[in-house]
There are 2 protein chains.
Amino acid sequence: MTPTTQRSGWAEQAARALTEAGYRRGGARRAILELLDEQACALSAQEIQRALGGRRRAVSRASIYRVMEELEAIGVVQRVELGQGIVRYEAVRRGPGHHHHLVCDRCGRLEPFTDAGLERAISRLSDRVPLKVSVHEIVIHGACRVCAR
Amino acid sequence: MTPTTQRSGWAEQAARALTEAGYRRGGARRAILELLDEQACALSAQEIQRALGGRRRAVSRASIYRVMEELEAIGVVQRVELGQGIVRYEAVRRGPGHHHHLVCDRCGRLEPFTDAGLERAISRLSDRVPLKVSVHEIVIHGACRVCAR
DNA sequence: GCAGAAGACGAGATCGAATCTCATAAACAT
DNA sequence: ATGTTTATGAGATTCGATCTCGTCTTCTGC
Ligand SMILES: [Zn+2]
Ligand SMILES: [Zn+2]
Ligand SMILES: [Zn+2]
Ligand SMILES: [Zn+2]
């Protein structure tokens, strides 16, 4: 859980996209955008609700799921499923901030990582694949340092 | 849904692994192993139950989940989560048969693919990653030919 | 073979994340 | 400010996954 708070204006960008898509400004949306912008990696709906309930404005489950769906639809948030049947969400960022995930199958630890070679291989792949690629997601499973003994 | 029925003896191999791990032979396990061995790609628990109920021996939900857990634990089956909150399972195979997944986010179509460049990038990555890698899973999201218009 | 012990299996209860409903509150246009 | 439209929340509901526990099956020792 690297707490790399990167303020890249993502929240403002996302808010603009919402407006352009015809949505109004609401307290729940604003709170969610701010929270997501501070995260270095993906959060589950439950984690989002707890985080917002603690500090900030409390937001209901229904709103979280509804807003995440809207944000995903306009392409500013990505749904990530890393096992344990829990869906997580994270801000979609351009160059810096873009990363993939290592998951420890024993303790569930989630670790973001980046790799230029991998990105190159994927962009090459995108051309000859029978799919208009929107986002790619790489999940590596294994045992983390702690769990591998 | 490429119906590449590849009989590589995977079922027998898996059955042997189960025995070595101390499990007995049961009707549910046998039926599940045979079904999985015929698949070119991942199936959900529900799909497995339907397939077994139709032809072959019917198997209960409880047994499917229980057996899949055992098979995953001994490393012959891999859990795959490709969105829509549904868990799928597929046989883990060595060289041929090893593949990754393209998912259409609109219609849910699932397409297996292989890419040597990607595999190379991943094996290079494995060395400097802070995790003992067991399996890797690459999911590419996008719009399929049909949905992309 | 056969009896007993250990494990496999299934029906149904239970859990919990995600979704749906609908009444109320908040945002926006005029 | 007023009316109209959209956003939000509490609670009900859905449905995949898990648990429970009694019965059936496999295996072991005789
Ligand atoms: Zn992440
Ligand atoms: Zn771990
Ligand atoms: Zn597959
Ligand atoms: Zn499609």
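Note that the structure is a prediction, hence the values are computed from the model and not measured.

Cut-offs and rules
Residues numbered from 1 in each chain as written. Chains lettered and ligands numbered in written order. Predicted model: local features only at pLDDT ≥ 70, side-chain atom pairs only at ≥ 80, totals over all residues. Heavy atoms only, no water. Salt bridge = Lys/Arg side-chain N within 4 Å of Asp/Glu carboxyl O. Helix = DSSP H or I, 4+ residues; strand = E, 2+ residues; numbered from the N terminus. Buried < 20%, exposed > 50% of the residue type's maximum accessible area, 1.4 Å probe, protein only. Donors = N, O, S within 2.8 Å, 3.2 Å for Na, K, Ca; no water. Least-squares fit on C-alpha atoms with pLDDT ≥ 70 in both. Contact = heavy atoms within 4.5 Å. Axes fitted to C-alpha atoms, helices over the stretch in contact; angles between N-to-C directions. Parallel < 35°, antiparallel > 145°, perpendicular 65-115°, else oblique. Left-handed = near helix turned anticlockwise from the far one by under 90°. Nonpolar A, V, L, I, M, F, W, Y, C, P; charged D, E, K, R; others polar. Near = heavy atom within 4 Å. Polar contact = N/O pair within 3.5 Å; in protein donor to acceptor, adjacent residues only side chain to side chain.

Turning to the pattern of salt bridges, a few remarks are in order. Applying the stated criterion to the full structure yields 14 salt bridges over all chains. Measuring nitrogen to oxygen at the nearest pair gives 2.8 Å for the salt bridge that ties Glu70 of chain A to Arg29 of chain A. Within this pair, whereas Glu70 of chain A is found in helix α4 (residues 61-73), its partner Arg29 of chain A is found in helix α2 (residues 27-38), the two being separated by 41 residues in sequence. With relative accessibility at 10%, the residue Glu70 of chain A sits in the buried group. Its salt-bridge partner being Arg128 of chain A, residue Asp115 of chain B comes within 2.3 Å of it at the nearest N-O pair. Linking Asp115 of chain B in the loop between β5 (110-113) and α5 (116-128) with Arg128 of chain A in helix α5 (residues 116-128), this pair reaches from one chain into another.

Here we take up the coordination of the zinc ion (ligand 1). Residues and elements named next belong to chain A. Distances from the zinc ion (ligand 1) to its protein donors, Cys41 (SG), Glu90 (OE), His99 (NE2) and His101 (NE2), fall within 2.0 to 2.2 Å. Sequence positions of the residues that donate to the zinc ion (ligand 1) give the spacing C-x48-E-x8-H-x1-H. Highlighted residues: Cys41 in the loop between α2 and β1 (43-44) and Glu90 in strand β3 (residues 87-91), separated in sequence by 49 residues.

Our next topic: the relation of the copies chain B and chain A. Structural alignment of chain B on chain A gives an RMSD of 0.1 Å, achieved by rotating through 180 degrees and translating 0.0 Å along the axis. What we have between these two chains is a two-fold relation. Residues of chain B ranked by C-alpha distance from the rotation axis are headed by Ile138 of chain B, positioned 2.3 Å from it. Of the residues that chain B buries at the interface, 97% are likewise interface residues in chain A, meaning the two copies contact each other through the same surface.

On to the packing of α2 of chain A against α4 of chain A, then. Residues and elements named next belong to chain A. With their axes 10 Å apart at the nearest point, α2 and α4 run at an angle of 70 degrees to one another. Taken together, α2 and α4 sit at an angle that is classed as roughly perpendicular. You can see that α2 and α4 cross each other, and the crossing is right-handed. Contacts between α2 and α4 involve Ala28, Arg29, Ile32, Leu33 and Leu36 from the former and Ser63, Ile64, Val67, Met68, Glu70 and Leu71 from the latter. Tallied by class, residues from the contact of α2 with α4 come to eight nonpolar, one polar and two charged.

We now examine the protein's contact with DNA strand C. Contacts to DNA strand C come from 19 residues, most closely from Arg24 and Tyr65 of chain A together with Arg24, Gly26 and Ser63 of chain B. Here, DNA strand C places atoms within 4 Å of the protein, and 71% of those atoms are sugar or phosphate. Taking Ala58 of chain B, its main chain carries an N or O atom lying 3.5 Å from a phosphate oxygen of DNA strand C. Within the contact set of DNA strand C, a phosphate oxygen lies 2.6 Å away from a side-chain nitrogen or oxygen of Ser63 of chain B. Looking at the surface near DNA strand C, the elements with two or more residues in it are α4 of chain A together with α2 (27-38) and α4 (61-73) of chain B. Classifying every residue of the surface near DNA strand C by side-chain character gives eight nonpolar, five polar and six charged.

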